[in-house]
Amino acid sequence: MTDQDYRDGTRCVHAGLPEPAPGDPFLPGPVLAAPYHLDPWQGPQAAPNGYGRPDNPTRRLLEAAVGELEGGDCRVFASGQAAITGLLLAVLRPGDTVVLPADGYFPVRAFAADTLETIGVTVRYAPTVGPYPSFAGVRLVLLETPANPGLDVADIAALAEAAHAAGALLAVDNTTATPLGQRPLGLGADVVVASGTKALTGHSDLLLGYVATRSGALLDAVTGWRTTTGAVPGAFDAWLAHRSLATLDLRLGRQSANAEAVARALAARPDVAGLRWPGLPTDPAYPVAARQMRRMPGVLSFDLGDADRVARFVVAARLVAAATSFGGLHTTADRRAQWGDDTAPGFVRLSCGVEDPADLVADIGAALDAAGAPGPLS
Ligand SMILES: *Cc1c(COP(=O)(O)O)cnc(C)c1O
């Protein structure tokens, strides 16, 4: 049996761990070092560790782990944004054209407008559900599926084929799904980018990003970019992230079950509009999601009409914290418009934690009852 044959729970527990050796810990502690001792005669040729920006042994173990789960080679970054902007800047040159999701993570679009367009890269946008423009003359297509925060889903295999037929590279932001939710490299994508800040590590205690690919040329470009620009995670964060990976299967299992229970309860309420969860058979994303995803995310979205009603809902809920980000152990709600993105004022992204499903459904139902109708309470 190879590691790829094991099921998710087993792969998560073992991913990236060194071979067992008597007296050694399961996961070695963080190696906190900027420079390392060098061999005075051979210099950096003698040992893998010379300086902390290009390389660090704690980071290498985490990269082995994430690479195993994604099915490619991985480089970790200081944040998801560092990974995504690193890939874009390592690949795109003035005169190139890139296609980005029109409804994806807002700061990626802000970066494209502030930076890519000003250095002569042509930026086109396509909604995650399509229609997609012709990829003729395009260098890179970035998909985000499921898209954050709207949760539309793109058909990775079909778009990989279309991109490759036009000579373009296909990148997929795998943040929401995680490598247990879908493996874009196996579906034909050239490269995965993601934030590890969210469900991948899941404890709301660190920032992390990564790029994963089977292409040696892309790996070299991204590695070189990271070394020269320096957006590396610290050893302690890398270690915390690796420690958290062991429970990914357990956490996602509960988050997904909670999202299903909450989605079904919300679907039955006439006072909740615009409910989206790709795992609901009535959701427009369901047909593609059910085919392409190995499990459904713990995140759903809906609209409560206005900002006041969202605030009343969160105040009344005892198990829902007001917080951005998602994929953590604790259930959180984020009214996205407060961050200046282009969602409606009452739009809520709800990230289910690992609480007991019955408690969570009861708490959310009672909080919606207490929040009343849209508009200020009279
Ligand atoms: C959060 C997020 C990012 C950015 O990740 P950070 O770790 O916050 O920099 C990128 N893409 C998606 C889909 C995200 O949700």
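Residues numbered from 1 in each chain as written. Predicted model: local features only at pLDDT ≥ 70, side-chain atom pairs only at ≥ 80, totals over all residues. Heavy atoms only, no water.

### Points about the sheet that holds strand E2 (residues 97-101)
Where we set the bar: Only strands joined by at least two bridges in the DSSP assignment are considered to pair. Strands here mean DSSP runs of E at least two residues long; helices mean DSSP runs of H or I at least four residues long; both are numbered from the N terminus. Between N-to-C directions, angles span 0 to 180 degrees; the directions come from axes that are lines fitted to C-alpha atoms, helices contributing only their stretch in contact.
Spatially, E1-E7-E6-E5-E4-E2-E3 is the arrangement adopted by the seven strands of the open sheet, whose pairing is mixed. Each edge of the sheet is formed by a strand with only one pairing partner; in this case those strands are strand E1 (73-77) and strand E3 (122-126). The average angle at which neighbouring strand axes cross in this sheet is 20°, direction not considered. With five bridges connecting them, strand E4 (residues 140-144) and strand E5 (residues 169-173) associate as parallel partners. Considered in E5, the bridge of Leu-140 is made with Leu-169.

### A closer look at the UniProt feature "modified residue: N6-(pyridoxal phosphate)lysine" (unreviewed entry) in the chain
To keep it simple, the criterion reads: UniProt positions are given in the numbering used here, feature names are shortened, and annotations may be inferred rather than shown by experiment. Contacts are residue-level and defined by heavy atoms, with any inter-residue pair within 4.5 Å sufficient.
As recorded in UniProt, the feature "modified residue: N6-(pyridoxal phosphate)lysine" (unreviewed entry) lies at Lys-198. Beyond its immediate stretch of four places on either side in the chain, Lys-198 contacts Tyr-105, Thr-175, Ser-325, Phe-326 and Gly-327.

### Here's the deal with the pairing of strand E12 (residues 347-351)
Keep this limit in mind: Relative accessibility thresholds used throughout: buried, under 20% of the residue-type maximum; exposed, over 50%; partly exposed, between the two (1.4 Å probe, protein chains only).
Of all five residues in E12, five are buried, a share of seventy percent or more. Every second residue of E12 is oriented toward a common face, with Phe-347, Arg-349 and Ser-351 on one face and Val-348 and Leu-350 on the other, all of them buried. Bridging between strand E9 (residues 299-303) and E12 involves five bridges; their strand directions are antiparallel. Its bridge partner being in E12, Asp-303 is matched across the sheet by Phe-347. One ladder, built from four bridges, connects strand E11 (residues 332-335) with E12; its direction is antiparallel. Bridge pairing in E12 links Thr-332 to Ser-351.

### Things to note about the site of the ligand
To keep things clear, this is the line we draw: Any residue with a heavy atom lying within 4 Å of a molecule or strand is counted as near it. For this analysis, a polar contact is any N or O atom pair within 3.5 Å, provided that within protein one partner can donate a hydrogen and the other can accept it, and provided that sequence-adjacent residues contribute only side-chain to side-chain pairs. Working definition of accessibility: Shrake-Rupley area with a 1.4 Å probe, residue cover restricted to the visible protein chains. Gly falls in the polar group here, along with every residue not listed as nonpolar (Ala, Val, Leu, Ile, Met, Phe, Trp, Tyr, Cys, Pro) or charged (Asp, Glu, Lys, Arg).
Taken together, 14 residues lie near the ligand, and Gln-81, Asp-173, Ser-195, Thr-197 and Lys-198 sit nearest. The separation between an oxygen atom of the ligand and a polar main-chain atom of Gln-81 is 2.8 Å. Here an oxygen atom of the ligand sits 2.7 Å away from a polar atom, N or O, in the side chain of Lys-198. Isolated, the ligand exposes 380 Å² of accessible area, and the fraction of that covered by the protein chains is 94%. Of the residues forming the shell around the ligand, the biggest block, three residues, is contributed by helix H3 (residues 80-91). Looking at the shell around the ligand residue by residue, the classes come out as four nonpolar, seven polar and three charged.

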